[in-house]
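Survey of secondary and tertiary structure
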Amino acid sequence: MCMIENIGHKAVLIYPEFDTRDTFWSYAKSLRMYAPPGEFGLPKRLLPPLGLMVLFNHLKPYYEELLLIDRNVDPRPLLELIGDAEHVYMGGMLAQEQSLCRHAAEIKRAGKVLIVGGTAITPNSPLMELADHLLENEAEGIIDILLQDLQKGQAKKYYQGGSYAPEQFFQPDYAAINLQNYVHMAVQISRGCPENCEFCDIPSRFGRAYRVTPRDRTADSFRQMMELGWTGPVFVVDDNFIGNPKKALVVLKNLYSIGEEIGCHHPKYTELTLRLADDSPVMAEVRRWLRKTNFINGFYGVETPNRAALLETGKTQNLRGSQSLVRKLRGISEQTGAGVMMGMIYGFDHDSDASVQEFVDFVNASNAPIVMAGLLNALPCTGLMARMQREGRYIQPSSGNNSDGVINFIPYNFSVKQAERNYLRILEEIYHPRAYFTRVMRHLELIDPDLQSDYRAGSEKFKYLLRILTRKNALLFWRFLPAAQAIAVRRKRIGSPAYWAVIAEYFSLCGQYTHFADQIRVQRKNIAQRDYARWQLFSWRQLLASKIERLEVLRRSPESPLLDSIAIHLSVNHMLQGTRLQVLRYLLGSYTQTGPDNFSRRDDLTLQQAIDIEVRAYRRVHRQFPEILGDFGLLERHLRKTLPEQKTFLPDRARQLRRQQEISRAAAS
């Protein structure tokens, strides 16, 4: 660490509120109803602000006094908290952007120097206009440069971090917060994900290399939690815990030895992929050590049962092996003793109105009670965002709340309005009481009660769980209690810790149901109140087939008519704007997805064939919309001249065609 003296007397670190408490993971309704409040009277939050706890620890040598404020649990007046601070640091996610901006304006009015970081930060962030200094991506390796520049009075507006070695990872300070304000603690052990899912920003932000925190630092985190009295659940917030199975196995063995050293194997959960179900020796070992290391739950990005949609988005890891997705999930619980939670997405180009039922039937056949279903959104720094912008389908920035019921691009096979109504139907059917509690019972049959017993069977926790049977939805919970009790009796001796663990798990899932039911009520109200424009009643496929009502030339290019800036107004009251070449590219649709009949490998496609495919696609668009560019010969000459100069054109086109063939076969089957 580079020591800097006298950078300031005091700094305050602010974690802003989430823009809405109606998010899937907030559990706001359940925590407010069933759990004791936090120290300031607000409901507890599920997780602490780990990123700012890390920064807090790193800043200790640079300030005489530091204060970390989580506005989700601390409502005290902001100006009082920052009154004697020289510097204010804020960090957060896209789902906190509105709060970040609101607090930033208040902090700047107070005359403070404001530094903002977190995954909400991009060069296009509205915080560019508000904050003094911004940091994008990982802070290690760049924060000390900012601190030195602040001391010299030469700090820049924008600092962009990279991907740093694990030895540089900062250590969180759990003493920076009041642990009793949170239901779970959090620790990060690895960063990065080797997969390449089109909708995910993790590989572009944090790299595809699986970087693991040194064992001694992980041990320090668990040791400090233990010393502060925390023996409850810990979320291992890794992007993909099994991104490198061999390294993940080492991590698990380290976690076990750490638990032995400190005398506590904290109950844990994390994010994984369905690669965990692979029939391989290393994955069998990983599954065994997950159980041994006390992982009681896992969150799996299943996304969709639609095979064509999984291929479309690059989620091929879910298609490994011959087992069905339902069988993989069941097998994971059988072999690890842990529960499974699912992340599911609706809105892929190969989804349709008809695939809603497939989605619902798949979820309800699984053993996952908790299912985070969301509409697909194009996020910054993703391949999906780049494609939606390239195709002219992008509408607006995402809120970052993947359960807000809003889609931020034009879906291919259904309208914006229909996407959002289909989403509501999915929520209503997977969280219908009969469907939900059927999955709960499967879950109770499969989890290992002995694994859960130390965590679940405590008299103090049990007292709060009993509130569930006397408050909202209590009659519903009483209705299904005999089935849960029968499972507990069948699996374990009545009155044993493992028996009570099954009962307590049932109560916990009842409490969570209250939150999910409230989420549906909120979504139903929001969607009913939305006012849809006419173009939002059409799918992208329908928009491509509509007529041009009017074409405006906004600016003529002195170089070529292809570069004229234009706007076309479609008959469905939708406008596309860009150069003539860009607008034609928007309208290509599926025209570029047809290749040679014998195409199977990259070297089966020649450069000339790839160019001919591109020219034919543009010609078809030109025939449908001749008013965009009167002289097709001008466009063809441009394509045949410029495409050979693009080094990635041929491999990109070959990759696209090969994937399209796989998708077509999947859709047909």
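Residues numbered from 1 in each chain as written. Predicted model: local features only at pLDDT ≥ 70, side-chain atom pairs only at ≥ 80, totals over all residues. Heavy atoms only, no water.

1. Focus on the overall build of the chain
- The helix and strand inventory of the chain stands at 24 helices and 17 strands.
- Seen through its C-alpha atoms, the chain measures out along the principal axes to roughly 80 × 65 × 50 Å.
- When burial is assessed residue by residue, the chain has 58% of its 669 residues classed as buried.
- Long-range contacts, defined here as pairs at least 24 residues apart, represent 75% of the contacts in the chain between residues at least 6 apart.
- When the accessible surface of the chain is totalled, it reaches about 28000 Å², and 50% of it is carbon and sulfur.
- When the 85 basic and 73 acidic side-chain charges of the chain are each reduced to a single mean position, those positions are 5 Å apart. (Helix = DSSP H or I, 4+ residues; strand = E, 2+ residues; numbered from the N terminus. Buried < 20%, exposed > 50% of the residue type's maximum accessible area, 1.4 Å probe, protein only. Contact = heavy atoms within 4.5 Å. Areas by Shrake-Rupley, 256 points an atom, 1.4 Å probe, with all protein chains shown as cover. Lys, Arg positive; Asp, Glu negative; His and termini not counted. Charge placed at Lys NZ, Arg CZ, Asp CG, Glu CD.)

2. Some remarks on helix α4 (residues 97-109)
- Given a rise of 1.5 Å per residue, 13 residues ought to cover 18 Å, and the 18 Å separating the end C-alpha atoms of α4 matches this to within 8%.
- Of all the positions in α4, only Ser99, Leu100, Cys101, His103, Ala104 and Ile107 are classed as buried.
- Looking at the buried positions of α4, the neighbouring elements they touch are α3 (78-82), β3 (87-91) and β4 (113-117).
- Once α4 finishes, Gly111 follows within two positions and takes phi at roughly 80°, a positive value. (Expected span 1.5 Å × (residues − 1).)

3. Digging into the environment of Glu420
- Its location among the elements puts Glu420 in helix α14 (residues 416-430).
- Taking the relative accessible area as the measure of exposure, Glu420 reaches 3% and is therefore buried.
- Placed 79 residues apart in sequence, Glu420 and Met341 show a C-alpha to C-alpha distance of 23 Å.
- Not counting chain neighbours up to four residues away, the residues in contact with Glu420 comprise Leu375, Gly405, Val406, Ile407, Ile527, Arg530 and Tyr532.

4. Topic: the packing of aromatic side chains
- For the structure shown, the criterion picks out 21 aromatic pairs.
- Geometrically, the ring pair formed by Phe235 and Tyr269 is stacked, given 4.7 Å between the ring centres and 5° between the ring planes. With Phe235 in strand β10 (residues 234-236) and Tyr269 in strand β11 (residues 268-272), this pair connects stretches of sequence that are 34 residues apart.
- Centre to centre, the rings of Phe437 and Tyr513 are 5.6 Å apart; their planes meet at 45°, and the pair counts as tilted. Linking Phe437 in helix α15 (residues 433-446) with Tyr513 in helix α19 (residues 497-529), this pair joins segments that are 76 residues apart in sequence. Judged on exposure class, the residue Phe437 and its partner Tyr513 are both buried.
- Connected via pairs of aromatic rings, a cluster forms that spans Tyr27, Tyr431, Tyr436, Phe437, Phe477, Phe480, Tyr506, Phe507, Tyr513 and Phe516.
- Taking the ring centre of Phe295 as reference, the NZ or CZ of Lys268 above it sits at 5.9 Å.
- Its end group placed over the ring of Tyr431, Arg439 keeps NZ or CZ at 5.6 Å from the ring centre. (Phe/Tyr/Trp six-rings, centres within 6.5 Å; stacked < 30°, edge-to-face > 60°. Lys NZ or Arg CZ within 6 Å of the ring centre and 35° of its normal.)

5. Quick word on the sheet that holds strand β12 (residues 295-303)
- As summarised here, the arrangement of the six strands in space is β7-β10-β11-β12-β13-β14, forming an open sheet in which the pairing is parallel. Every interior strand has two partners, whereas the edge strands, β7 (185-187) and β14 (371-375), have only one. Averaged over neighbouring strand pairs, the angle between their axes works out to 20° when direction is ignored.
- Where β7 and β10 come together, three bridges link them in parallel fashion. Bridging from a neighbouring strand, Met185 pairs with Val234 of β10. (Pairing = 2+ DSSP bridges. Axes fitted to C-alpha atoms, helices over the stretch in contact; angles between N-to-C directions.)

6. Section: the pattern of salt bridges
- Scanning the model with the defined rule gives 42 salt bridges in all.
- Across the pair Arg275 and Glu195 runs a salt bridge, and its minimum N-O distance is 3.9 Å. Linking Arg275 in the loop between β11 and α9 (281-292) with Glu195 in the loop between β8 (190-191) and α6 (202-206), this pair joins segments that are 80 residues apart in sequence.
- One salt bridge in this structure joins Glu391 and Arg387, with 3.5 Å as the shortest N-O distance.
- Judged by its relative accessible area of 10%, Arg387 falls in the buried class.
- Taken together, the shared-partner salt bridges in this structure form one network comprising Glu198, Glu312, Asp349, Arg387, Glu391 and Arg393. (Salt bridge = Lys/Arg side-chain N within 4 Å of Asp/Glu carboxyl O.)

7. Focus on the sheet that holds strand β2 (residues 63-70)
- What the six strands build is an open sheet, ordered β2-β1-β3-β4-β5-β6; its pairing is parallel. Edge positions in the sheet fall to β2 and β6 (158-160), since each of these pairs with one other strand and no more. Taking the axes of each pair of neighbouring strands and ignoring which way they run, one obtains an average angle of 15° across the sheet.
- Sheet topology note: the β4/strand β5 (residues 133-136) ladder contains two bridges and is parallel. By the bridge assignment, Val116 is partnered in β5 with Leu134.
- Where helix α2 (residues 50-59) meets the sheet, its contacts fall on β1 (8-15), β2 and β3, and the angle it forms with β2 comes to roughly 175°.
- Its contacts with the sheet put α4 on β3 and β4, and the angle it makes with β3 is roughly 175°.

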